[in-house]
Amino acid sequence: MQQYSSLPEQNPQVDATPTVLTTIQQLRAELWLERSLNRLQNRLNDCLVNLTSNQPTGAGEAEIFQTVVNELNSILNNSKVAIALVEPQQTVGKVCFIPTSPPQNLPSLVLKGMVKKKKKFRLRLAEEIDIDDLQLLEQQEPPSAWQLATDIDGVIGWLIIIRTPVESDGNSFKDTCVQITSRLLTRAAQQCVTTITQFRKIQSLQQHCQQLETINQELERTHQLKNQFLANTSHEIRTPLSSITGFIHLLLAQGYDPSKERHQEYLSIIQSSSKHLLALINDILDLSKIEANQLEIQWEKVDLQTLCHNVLILVKEKAANKGLKLSLELDPNVNTLLADSLRLKQMLLNLLFNALKFTTNGTVGLQVKSNNSWIYFTVWDTGTGISKKHQAELFQPYFQIPNSVVSQNEGTGLGLVVTRKLAELHGGSVEVESELGGGSRFTIVLPLRQEEGESGELGEVEGVGEDAKGEDRSRPSQLVSINNHSTNILLVEDDSHNAQLMQVYLERLGYQVNLANNSQQIWKILDQHKPAVILLDIKLPNENGLAIVRQLREHEQYRSIPIIVQTAMAMKGDREICLAAGVNEYISKPIDLPLLGNLVAKYTKPTT
């Protein structure tokens, strides 16, 4: 390809005709200008394509600037071109780009300003030039500097040139050279800025595309997790339901006889499967509430000795069935803790049941220690242990460690996930230490929020006994049947099976139960009987139970009747919503019958 590195020399054959000479010089100069600019633009286009194809990082703009400097230096081989960049809010520009093969023996850049003493600059890397001096260089005639400015960022740099001195001889070809070079650099500066602007726009689009790709990948991962969630949940729910429906079928086919040992065994399996199903639903609900930021910590002063004994009592039967020992070691320096006692118990039970599941012989223990401002609840075991590979996956939803001693149908794969998230809501974390064949240690680390002046002696317990300290106080005691009087109860429930369950249970306790399944029946029964307690379902056919509560509270005749709502509503704020509507108590489904009995007894006790 033919190179055009400088303006052509004068043609001595046309010196005698100045007008023709001038026209030819101008045409040749214009042709040289356009070819030079086309050559620069082609280099910039190639540079831009290369940069955007390779998706560069921060070096992209530098390559554009260097291309401009090199090409102009090649075109103007009797001059030196450089680019100085300007940082925002700075008053000094710094030379960052010079030709890779600069011309030799060029003079310094001379600034002819309003000062008596001239300034000289050598265009070398890292040379600093004041912005004011660059502006003066731009205003000189001919100019030696051109702004590089974008619409968004303003001035980002300056294109600077050092020319070989040219003596003017009037209207000569040399004057044309100076003029055409200035035009070249003016348009070259525009090409440089345009290319930089295009590059930034392309980079912005590429980054936006990458963000969209990341979002798409996350959506795809979420879609896969949803499918996995549905598949696992379907499996987990179908497993206990299969036991429940199957053994009920056997009982119905053979005729239920409470005295038959086999029928008692069937009922135990049904009860166990029901608890498994309820645990799965609770884990899913807890995880959903946590992920939706709808689970609040109920801070209270927790008696650690009582709580730890209660927790071990709840797992004692399972440990005894496997022939395992239970160990409890409590720090004597800490007796109480500010935490959510229900959630703390839930976390410890999750870890203890896991430890019992993976331990076939030896001991499962709970150790509580404090250190500075932290308290450590460590559940340890002498079980099979966990490999490093599986430890990294432990806190993924539905992950279950493959193990020959554990049934794959045992557990939901959500316990550890919920435990870690509950610990984080307390401001803590969960740590794990384990090795195959060497047992495991799961530690809940919580900040030690302890009220001042609290201390006590806590001891170590080997094998938890059934003493007063070990009594589980989280549940009401079993209600004793009342025989001394009959109390009228209004039960409002649209689900016939749940209605029958509560009616049979309460009638066996000695209550007289009137059943309604819609709002019309409620008011009809109230016209005939004034109940001691109203048990009300929130979701009724074509009626909101809370609206009925408000109507009852506005009616003087029924305003004082205690109302206990039983509902499947169990999300954040549901209890508060019910209490604000005017109910006295709230019990969630599935109904805990002993708890229901205690609540009814609380409001039906005769006044003395």
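Scroll up to find the structure this text is about.
Residues numbered from 1 in each chain as written. Predicted model: local features only at pLDDT ≥ 70, side-chain atom pairs only at ≥ 80, totals over all residues. Heavy atoms only, no water.

Peer 1: Which residues make up the pattern of salt bridges, and what values do they have?
Peer 2: If you walk through the whole model with that rule in mind, you get nine salt bridges. A salt bridge links Glu127 to Arg124, with the nearest nitrogen and oxygen atoms 3.0 Å apart. Residue class for Glu127 comes out buried when judged on its relative accessible area of 17%. Since its relative accessible area comes to 49%, Arg124 is described here as partly exposed. Residue Arg221 is joined to Glu218 by a salt bridge in which the shortest nitrogen-to-oxygen separation is 2.9 Å. Within this pair, Arg221 and its partner Glu218 are both found in helix H4 (residues 173-254), separated by three residues, close to a single helical turn. For Arg221, a relative accessible area of 41% puts it in the partly exposed group. Overall, the relative accessible area of 39% leaves Glu218 in the partly exposed class. Through salt bridges with shared partners, a single ionic network connects Arg39, Arg43 and Glu71. (Salt bridge = Lys/Arg side-chain N within 4 Å of Asp/Glu carboxyl O. Buried < 20%, exposed > 50% of the residue type's maximum accessible area, 1.4 Å probe, protein only. Helix = DSSP H or I, 4+ residues; strand = E, 2+ residues; numbered from the N terminus.)

Peer 1: Go over the sheet that holds strand E18 (residues 533-537), please, and point to the residues and values.
Peer 2: Here five strands make up an open sheet; going across it, the order is E17-E16-E18-E21-E22 and the pairing parallel. The sheet terminates laterally at strand E17 (512-516) and strand E22 (585-588), the two strands that pair on one side only. Taken over all neighbouring pairs, the strand axes of this sheet differ in orientation by 20° on average, direction set aside. By the bridge criterion, four bridges tie E18 to strand E21 (residues 563-567) in an arrangement that is parallel. The residue bridging Ile534 from the neighbouring strand is Ile563, located in E21. Running at roughly 165° to E22, helix H14 (residues 593-604) makes contact with strand E16 (488-492), E18, E21 and E22 of the sheet. (Pairing = 2+ DSSP bridges. Axes fitted to C-alpha atoms, helices over the stretch in contact; angles between N-to-C directions. Contact = heavy atoms within 4.5 Å.)

Peer 1: Which residues make up a nonpolar patch on the surface, and what values do they have?
Peer 2: Residues Leu212, Ile215 and Leu219 make up a contiguous nonpolar surface patch of roughly 280 Å² in combined accessible area. Here Leu212 is to be found in helix H4. Among the residues examined, Leu212 registers a relative accessible area of 40% and is labelled partly exposed. (Patch = residues over 30% accessible without salt bridge, like charges linked within 9 Å, V, L, I, M, F, W, Y side chains within 5 Å. Areas by Shrake-Rupley, 256 points an atom, 1.4 Å probe, with all protein chains shown as cover.)

Peer 1: An account of the environment of Gly437 is needed here, citing residue identities and associated values.
Peer 2: Inspection of the secondary structure assignment puts Gly437 in the loop between strand E13 (429-434) and strand E14 (440-447). You can call Gly437 exposed: its relative accessible area is 67%. Along the sequence, Gly437 and Gly383 sit 54 residues apart, while their C-alpha atoms lie 6.9 Å from each other.

Peer 1: Could you give an account of the side chain of Arg343, naming the residues involved and the relevant values?
Peer 2: In this structure, Arg343 sits in helix H7 (residues 341-357). According to the relative accessible area criterion, Arg343 is buried, its value standing at 11%. For Arg343, the contacting residues outside a window of four places in its chain are Asp286, Lys289, Leu295, Leu422 and His426.

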